[in-house]
Amino acid sequence: MARALHGPGLKTPARGPTTTGTSSTEPRLPSRMSRDLLNRIDQRTRLAGHNRLALLLFRLGGRQLFGVNVFKVQEVLRRPSLFPVPRLPPGFVGAADIRGRSVPILDLGTAVRYPERHLDPPYLVVTEFNRSVQGFLVAEVDRIVNIAVEDIRPPPELGVADSYLTAVTRHAGELIQVVDVESVLADATGAKMVQPINARLRLGPGEDPIRILVADDSRVARNQIRGVLDQLGVASTLLSDGRQAIEHLKQLAAEGIDVTRHYAMVISDIEMPSMDGYTLTTEIRRDPALAGLFVLLHTSLSGVFNNAMVDSVGANAFVAKYSANELAEKVMARIDDVQKAAAAA
């Protein structure tokens, strides 16, 4: 569950909630944001099939708006005192004592090399994802908006492999760039894209080839999942959102391919542009040619999802990002079931 956001002294205009097109807006962040606000967003955004995404909007300097999934945010604070930490990766500016916990702090504008970045950003966005807590310094925190996922698009092709954007959208006429904070954190920490897995989990020689479909909008996540599947000896098809995945699956079915045999499983992120993992799962279950597919939901939103939520959207399993061995164990458990069913046929 996302925690309440606190922003002592945040300046806000005196205007209430507005609604524009398919996007709804919460009031600009006041000095004390109630838990009720995030609970309302929580109820709307977590429901299966709603295909909506709540974004916390902020600036790094200048007028450009950036966004991050609100469920990755624990709280917003005025910049606290920072202290040095031995052997902290170079991308970090120090650590802060947040409610008795030492939290590593990253200057987000510097990390993404934003040319108009604030040189001394006054606000801290404390986040939790991929099983870790970290803070990002930003110039200004704006508001929370709730946007239809179909209005969120993949970022423009920049001709470089390493982009720190995971999506773009518009709200009230303003362009919003959604930051791939997983990639930012991975690059800042020097995290390895491929983590070794337990050798006992690998497919044995001579076993039938296995294919898995992966849908994830994060460059880091796709590379991590591919690294696990490569070590397992499993072939993978990598796509960047749910809409691409459902169109790919329907095309295979239209060509007369038994999709449930072609792919042993689908591994899907939940929060993605164009179509989220909830809606992807729902669409799979609605199509008789696809309904038998095994769907594993794989998300960086620590602590938000549980088995009851997995059941409610019709998925088969869930694993939190990112543990190479836990993901490998889920995949191998599914492969074992597929192989047993094939042997019994």
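Given the structure is predicted, the values throughout are model-derived calculations rather than measurements.

Draft legend 1. Representation of the packing of helix α3 (residues 181–189) against helix α4 (residues 219–232) in the model. Packing of α3 against α4 leaves a shortest axis separation of 7 Å and a crossing angle of 70°. On the basis of their axis angle, the class for α3 and α4 is roughly perpendicular. Here α3 contributes Glu182, Ser183, Ala186 and Asp187 to the contact with α4, which in turn contributes Arg219, Val220 and Ala221. Considering only residue class, the contact of α3 with α4 consists of 3 nonpolar, 1 polar and 3 charged.

Draft legend 2. Region of interest: the sheet that holds strand β15 (residues 265–268). Taken together, 5 strands build an open sheet; the order of strands is β14-β13-β15-β16-β17 and the sheet is parallel. A single partner strand is all that each edge strand has here, and the edge strands are β14 (235–239) and β17 (317–320). On average, each strand axis in the sheet is tilted by 20° relative to the strand beside it, whichever way the strands run. Relative to β14, α4 is tilted by about 170°, and along the sheet it contacts β13 (211–215), β14, β15 and β16 (295–299).

Draft legend 3. Just the confidence of the model for the chain, in detail. When pLDDT is averaged along the chain, the result is 81; 76% of the residues meet or exceed 70. Averaged pLDDT values over the elements of the chain bottom out at 33 in strand β1 (residues 18–20) and peak at 97 in β15. This stretch, residues 1–22, has a pLDDT under 50; its non-local contacts, to residues over four places away or in other chains, come to 63 contacts. Contacts from residues 40–49, a stretch scored under 50 in pLDDT, to residues over four places away or in other chains number 29 contacts.

The rules behind these values
Residues numbered from 1 in each chain as written. Predicted model: local features only at pLDDT ≥ 70, side-chain atom pairs only at ≥ 80, totals over all residues. Heavy atoms only, no water. Axes fitted to C-alpha atoms, helices over the stretch in contact; angles between N-to-C directions. Helix = DSSP H or I, 4+ residues; strand = E, 2+ residues; numbered from the N terminus. Parallel < 35°, antiparallel > 145°, perpendicular 65-115°, else oblique. Contact = heavy atoms within 4.5 Å. Nonpolar A, V, L, I, M, F, W, Y, C, P; charged D, E, K, R; others polar. Pairing = 2+ DSSP bridges. pLDDT = per-residue confidence, 0-100.

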